[in-house]
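The lines below spell out each chain.
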Amino acid sequence: MWQKIKTYLFAHLLGLVFMVIGWALSINFIALDRGSFKFGPGGVTERSLFQTPTFIGLALIIIGAYFPEIWIAIKNRKPKS
């Protein structure tokens with residue numbers, strides 16, 4: 001019983017860590033980059049919100065959301081007799 005609780009708790013805590021890191025990465029990158037402008041041939045433009053760190057943050061959030069259930073399903077798989 002205690003082993004099952006530890007498995008569930010560890011998986012969900014790890015998923016939560018992935019989601020928090022992804023959220024922090026996305027939010028911090030957008031906040032730091034929000035006031036910056038780039039100078040191009042068309043004049044001064046604001047930087048896009050859709051850049052690599054934002055997509056990495058989104059991927060970490062998605063991994064964190066689905067990781068616990070996948071981990072638990074693999075741990076609870078019984079060998080077929």
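Up top you'll find the structure we're talking about.
Here is what the cut-offs are and how they apply
Residues numbered from 1 in each chain as written. Predicted model: local features only at pLDDT ≥ 70, side-chain atom pairs only at ≥ 80, totals over all residues. Heavy atoms only, no water. Helix = DSSP H or I, 4+ residues; strand = E, 2+ residues; numbered from the N terminus. Buried < 20%, exposed > 50% of the residue type's maximum accessible area, 1.4 Å probe, protein only. Areas by Shrake-Rupley, 256 points an atom, 1.4 Å probe, with all protein chains shown as cover. Phe/Tyr/Trp six-rings, centres within 6.5 Å; stacked < 30°, edge-to-face > 60°. Patch = residues over 30% accessible without salt bridge, like charges linked within 9 Å, V, L, I, M, F, W, Y side chains within 5 Å. Salt bridge = Lys/Arg side-chain N within 4 Å of Asp/Glu carboxyl O. Expected span 1.5 Å × (residues − 1). Bend = angle between axes of the 7 residues up to and from the residue.

## Notes on the overall build of the chain
Phase 1 of the analysis: Along the backbone of the chain there are two helices and two strands.
Phase 2 of the analysis: When the helices and strands of the chain are listed from N to C terminus, the series reads α-β-β-α.
Phase 3 of the analysis: Within the chain, the fraction of its 81 residues that count as buried is 16%.
Phase 4 of the analysis: As displayed, the chain has an accessible area near 6500 Å², and 73% of this comes from carbon and sulfur atoms.

## Notes on the environment of Lys-4
Phase 1 of the analysis: Among the secondary structure elements, Lys-4 is positioned in helix H1 (residues 2-33).
Phase 2 of the analysis: Residue Lys-4 is classed as partly exposed on the basis of its relative accessible area of 48%.
Phase 3 of the analysis: Through-space distance from the C-alpha of Lys-4 to that of Asn-76 is 9.1 Å; in sequence the pair is 72 residues apart.

## Digging into the packing of aromatic side chains
Phase 1 of the analysis: Tallying each qualifying case throughout the model produces three aromatic pairs.
Phase 2 of the analysis: With 6.0 Å between their ring centres and 80 degrees between their planes, Phe-18 and Phe-67 make a pair best called edge-to-face. Highlighted residues: Phe-18 in helix H1 and Phe-67 in helix H2 (residues 52-75), separated in sequence by 49 residues.
Phase 3 of the analysis: Ring pairing ties together the aromatic residues Phe-10, Phe-18, Phe-67 and Trp-71, which thus form one cluster.

## Topic: a nonpolar patch on the surface
Phase 1 of the analysis: On the surface, Phe-50, Phe-55, Leu-58, Ile-62, Tyr-66, Ile-70 and Ile-74 cluster together to form a nonpolar patch covering roughly 780 Å² of accessible area.
Phase 2 of the analysis: Note on Leu-58: relative accessible area 44%, which makes it partly exposed.

## Some points on H2
Phase 1 of the analysis: Along its 24 residues, H2 runs 33 Å from first to last C-alpha, staying within 8% of the 34 Å computed at 1.5 Å per residue.
Phase 2 of the analysis: Within H2, the axis deviates most sharply at Phe-67, by approximately 40 degrees, and proline Pro-68 lies no more than four positions further along.
Phase 3 of the analysis: Of all the residues in H2, the buried ones are Thr-54, Gly-57, Leu-60, Gly-64, Phe-67, Pro-68 and Ile-72.

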